[in-house]
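Coordinate inspection notes
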Amino acid sequence: MSAAQNIKRLPLSEANLKAVASCISRPNYDRQQLRPGIVHIGVGNFHRAHQAWYLHQLMQMGLALDWAIVGAGVRPFDATMRQRLVAQDCLTTLIELSAEGRSAEIIGSMIDYLPVGDECAALIQQMADPAIRVVSLTVTEGGYYIGPNNSGFDTDHPDIQHDVAHPDTPHTAFGAIVAALNIRRQTGDGPFTVLSCDNLRGNGTITQQAIVSLAQQSNPDLADWIAAQCSFPNSMVDCIVPATGPNELALVQSYGVDDAAPVTHENYRQWVIEDEFCVGRPEFEKVGVIMAADVHRYEAMKIRILNAGHQVLANVGELMSVETIAQCMAHPLISDFFRKVEHDEIVPYVSPVLGMKPTDYATLIASRFSNPEIRDTTRRVAFDGSSRHPEFILPILRDALAANGSIEGLALVEAFWARMCAGTRDDGSVIESNDPDWQFLSDVAKASQHSPMRWLQQRQIYGDLADHPSFAATFCRWLDTIWAFGCAKTIEIYLADQ
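Now for a quick tour of the structure. (Residues numbered from 1 in each chain as written. Predicted model: local features only at pLDDT ≥ 70, side-chain atom pairs only at ≥ 80, totals over all residues. Heavy atoms only, no water.)

**Some words on the environment of Thr 378**
The criterion, for reference: Working definition: helices are DSSP H or I runs of at least four residues, strands are E runs of at least two. Numbering for both runs from the N terminus. A contact between two residues is defined here by any heavy atoms of the two lying within 4.5 Å. Each polar contact in these results corresponds to two N or O atoms within 3.5 Å; when the atoms are within protein, one needs to be able to donate a hydrogen and the other to accept it, and residues that are neighboring in sequence are counted only if both atoms are side-chain atoms.
With respect to the helices, strands and loops of the structure, Thr 378 is situated in helix α15 (residues 378–382). Filtering out sequence-adjacent residues up to four positions away, Thr 378 remains in contact with Ala 314, Gly 317, Glu 318, Val 322, Glu 323, Thr 324, Ile 325 and Cys 328. Separated by 3.0 Å, the side chain of Thr 378 and the backbone oxygen of Val 322 make a polar contact.

Listed below in structure tokens is the structure:
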């Protein structure tokens, strides 16, 4: 029997808070005194390790007690998370992991989680409550219904078409927000701020476009009111938060706590927000949040160096059977590949921000990715490449082409993605479905083995990049090389070209 199995464990709950081990930090505020001020849609690990943690820190200072979070979701899988969290009074154990050690804390800034699957009735009702002054979202990059080639809000998507036809019983988060704002306009309860916490460039602008465009389809007057009255601040979020699996569950149990939804995270966080809140906000700056007018610079640095850097590692790591990002950084070939692409083809297209040069940030990211305590899998990071590559990699590629700079590494990153989507690793093992469009991508990837241009002809991803002769030729050469020689030899060829 392991040491963890020998430890007496307490189910995580409000009633058991005082009995948990003294080494675990816990709320020092009376959670019965908390009042809702935020509805958050998409209560995954990242939200609880990031936004919910910042609010918890304010509450530990006796502040923001009327800004507690009410969780919500609109997808069937959200119901599972709701069941787990409600059963433990919406408490979460956060475990910080670093090479120097671990620490645990229980946060209590969420006080409820709305029922899921009722055509958003409970969500709409809660957001219509005038006590709610901020509605925030972490619905992933693919959850914003962005049209092909970043062509704006996709009003032709079946989910959106449903919400246009049935505005009072929507299926999407955006439809629910529009319905709630319609009620608040009619009752005179006024607007709220919509705060995106997803990894999108200009996430506030994209969110505003989605909500106003959706309202415009069925109620133009409401759309005008939303555009004039609501706030949609852009923000940049940053913290590496792995998915929770058996290892994480065992880890929290080693602290003597039975938590059905613990979260592990690295020992780094950053949050930069435009100070544009139409009906007030918590005093985020008191717990280290940067309230800044130049969010886009911070955002561009993080998305290009960290998020694009993740894609540099994840696809080739998956192909070479390297399980985690930290293990990729410990792999001599993959690590050298990552550092060369970052230095030669990403950093040149990033502007500095106050107190941080792009080269220094790249060094910081390499260190964070190398943290051996963070088991962030290549599979998780590679998920939904059809959303992540157009958002994170292709804009840098376009800048490099415009500047007549090197594109060898970026084209190779795209070739590794195409090879990964064929569904087998270098050792012949099968890569399971890992994208909402996996079957389509897999069919195209297999056809591209003998005709590489088939991959680039996916106009919904690459747009006119396929027509750029330099990129097309470089991509096709690298994809042919990967299929002929495998990933390791291909990286060696790339690194040898100094």
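There's more to say after this.
**Topic: the packing of aromatic side chains**
Rules: Stacked, tilted and edge-to-face are the three classes applied to pairs of Phe, Tyr and Trp rings, where Trp contributes its six-membered ring and a pair requires centres within 6.5 Å; stacked means planes under 30 degrees apart, edge-to-face means over 60, and tilted covers the rest. Classification of residues uses two cut-offs on accessible area relative to the type maximum, computed with a 1.4 Å probe and protein chains only: under 20% is buried, over 50% is exposed, and between them is partly exposed. For a Lys NZ or an Arg CZ to count as sitting over a ring, it must be within 6 Å of the ring centre and within 35 degrees of the ring normal.
The tally for this structure, following the rule as stated, stands at 13 aromatic pairs. With a centroid separation of 6.4 Å and an interplanar angle of 75 degrees, the aromatic rings of Tyr 145 and Phe 174 are classed as edge-to-face. Placement of Tyr 145 in the loop between β8 (134–137) and α6 (158–165) and of Phe 174 in helix α7 (residues 173–187) is noted, with a sequence separation of 29 residues between them. Across the pair, exposure class does not vary: Tyr 145 and Phe 174 are buried alike. The interplanar angle of 70 degrees and the centroid separation of 6.2 Å between the aromatic rings of Trp 478 and Tyr 494 together place this pair among those described as edge-to-face. With Trp 478 in helix α21 (residues 469–485) and Tyr 494 in helix α22 (residues 487–496), this residue pair connects regions lying 16 residues apart in the sequence. Of the residues examined, Trp 478 reaches a relative accessible area of 4% and is grouped as buried. Pairwise contacts between aromatic rings join Trp 53, Tyr 54, Trp 271 and Phe 284 into one cluster. The side chain of Arg 269 reaches across the aromatic face of Trp 53, ending 3.7 Å from its centre. The residue whose ring lies beneath Arg 477 is Trp 478, and the NZ or CZ to ring-centre distance is 5.3 Å.

**Here we look at helix α14 (residues 358–369)**
How we decide: Residue count minus one, scaled by 1.5 Å, sets the expected span of a helix.
Taking 1.5 Å per residue as the helical rise, α14 with its 12 residues ought to reach 16 Å, and the 16 Å between its terminal C-alpha atoms agrees with that figure. Where α14 is buried, its residues contact β10 (235–238), β12 (263–266), α11 (295–319), α12 (325–330) and α13 (332–346).

**Comments concerning the pattern of salt bridges**
We count it as follows: We define a salt bridge as a side-chain nitrogen of Lys or Arg found within 4 Å of a carboxyl oxygen belonging to Asp or Glu.
Applying the stated rule across the entire model yields 21 salt bridges. Put simply, Glu 285 and Arg 281 hold a salt bridge, and the shortest N to O gap is 2.7 Å. Take Glu 285: its relative accessible area is 40%, and that puts it in the partly exposed class. Linked through salt bridges whose partners overlap, the residues forming this network are Asp 238, Glu 266 and Arg 368.

**Section: the nonpolar core**
It is characteristic of soluble globular proteins that their nonpolar side chains tend to be buried jointly. Rules: Only buried residues count toward a nonpolar core. Its members are Ala, Val, Leu, Ile, Met, Phe, Trp, Tyr and Cys residues joined through side-chain atoms within 4.5 Å.
In terms of nonpolar packing, the biggest core is built from 92 residues, with Phe 337, Trp 455 and Phe 471 touching the most fellow members. Among the elements that take part in this core, α11 stands out by supplying 12 residues, more than any other. Sequence-distant contacts of Phe 471, that is, excluding residues within four places in its chain, are made with Leu 397, Leu 401, Ile 407, Ala 411, Glu 414, Leu 456, Tyr 462 and Leu 465.

**A short note on the packing of α21 against α22**
The line we're drawing: Every axis in this analysis is a line fitted to C-alpha atoms, fitted for helices over the stretch in contact. Angles between the N-to-C directions lie between 0 and 180 degrees. Angle categories: roughly parallel below 35 degrees, roughly antiparallel above 145, roughly perpendicular from 65 to 115, and oblique for all the rest. Here the term charged refers only to Asp, Glu, Lys and Arg, the term nonpolar to Ala, Val, Leu, Ile, Met, Phe, Trp, Tyr, Cys and Pro, and the term polar to all other amino acids, Gly among them.
Relative to each other, α21 and α22 sit at 135 degrees, their axes nearing to 7 Å. The orientation of α21 relative to α22 falls into the category oblique. In this structure, α21 uses Trp 478, Thr 481, Ile 482 and Phe 485 to contact α22, whose residues at the interface are Cys 487, Lys 489, Thr 490, Ile 493 and Tyr 494. Per-class residue counts for the contact of α21 with α22 are six nonpolar, two polar and one charged.

**What about the sheet that holds strand β3 (residues 36–41)?**
In a beta sheet, neighbouring strands are held together by backbone hydrogen bonds and run either parallel or antiparallel to one another. Definition in use: Strands were regarded as paired on the criterion that DSSP finds at least two bridges between them.
Pairing in this open sheet of five strands is parallel, and the strands run β7-β4-β3-β8-β9 from one edge to the other. Every interior strand has two partners, whereas the edge strands, β7 (110–113) and β9 (193–196), have only one. With direction set aside, neighbouring strand axes in the sheet form an average angle of 25 degrees. As paired strands, β8 and β9 are joined by four bridges and run parallel to one another. Looking at the pairing, Leu 137 lines up with Ser 196 of β9. Taken strand by strand, α7 contacts β3, β8 and β9, and its axis lies near 175 degrees from that of β8.

**Comments concerning unusual backbone geometry**
Peptide bonds are, in most cases, trans, and in most cases residues other than glycine have a negative phi. Look at Ala 64: it is not a glycine, yet its phi comes out positive at around 60 degrees. Along the chain, Ala 64 turns up in the loop between α3 (51–60) and β4 (68–72). With relative accessibility at 14%, the residue Ala 64 sits in the buried group. Phi is positive for Asp 384, which is not a glycine, with a value near 60 degrees. Along the chain, the position of Asp 384 falls in the loop between α15 and α16 (385–402).

**Structural notes on α11**
Spacing of three or four residues puts side chains on the same side of an α-helix, whose turn is 3.6 residues. A rise of 1.5 Å per residue sets the reference length of α11, with its 25 residues, at 36 Å; its end C-alpha atoms lie 35 Å apart and thus fit the reference within 8%. Of all 25 residues in α11, 22 are buried, a share of seventy percent or more. Note on α11: the residue one or two positions beyond its end, Ser 321, has a positive phi of about 60 degrees.

**A few points about the environment of Ala 104**
With respect to the element layout, Ala 104 can be found in strand β6 (residues 101–107). In this structure, Ala 104 is in contact with Cys 23, Ile 24, Ser 25, Leu 94, Ile 95 and Tyr 255, ignoring residues within four places of it in sequence.

**Notes on the side chain of Thr 207**
For Thr 207, the location among the structural elements is in helix α8 (residues 203–218). Side-chain polar atoms of Thr 207 contact the backbone oxygen of Asn 203, separated by 2.7 Å. If we ignore the near neighbours within four places in the chain, the residues touching Thr 207 are Leu 137, Tyr 144, Phe 174, Val 194, Ser 196 and Phe 232.

**Observations regarding the sheet that holds β10**
Spatially, β10-β13-β14 is the arrangement adopted by the three strands of the open sheet, whose pairing is mixed. Among the strands making up the open sheet, the edge pair consists of β10 and β14 (290–291). Pairing between strand β13 (residues 270–273) and β14: two bridges, direction parallel. Within β14, the position partnered with Ile 273 by the bridge is Met 291.

**Topic: the state of the cysteines**
Inclusion rule: When two cysteine sulfur atoms lie within 2.5 Å, the pair is treated as a disulfide.
Considering all chains together, one arrives at zero disulfides under this definition. For the unlinked cysteine Cys 421, the closest cysteine sulfur is that of Cys 487, found at 13 Å.

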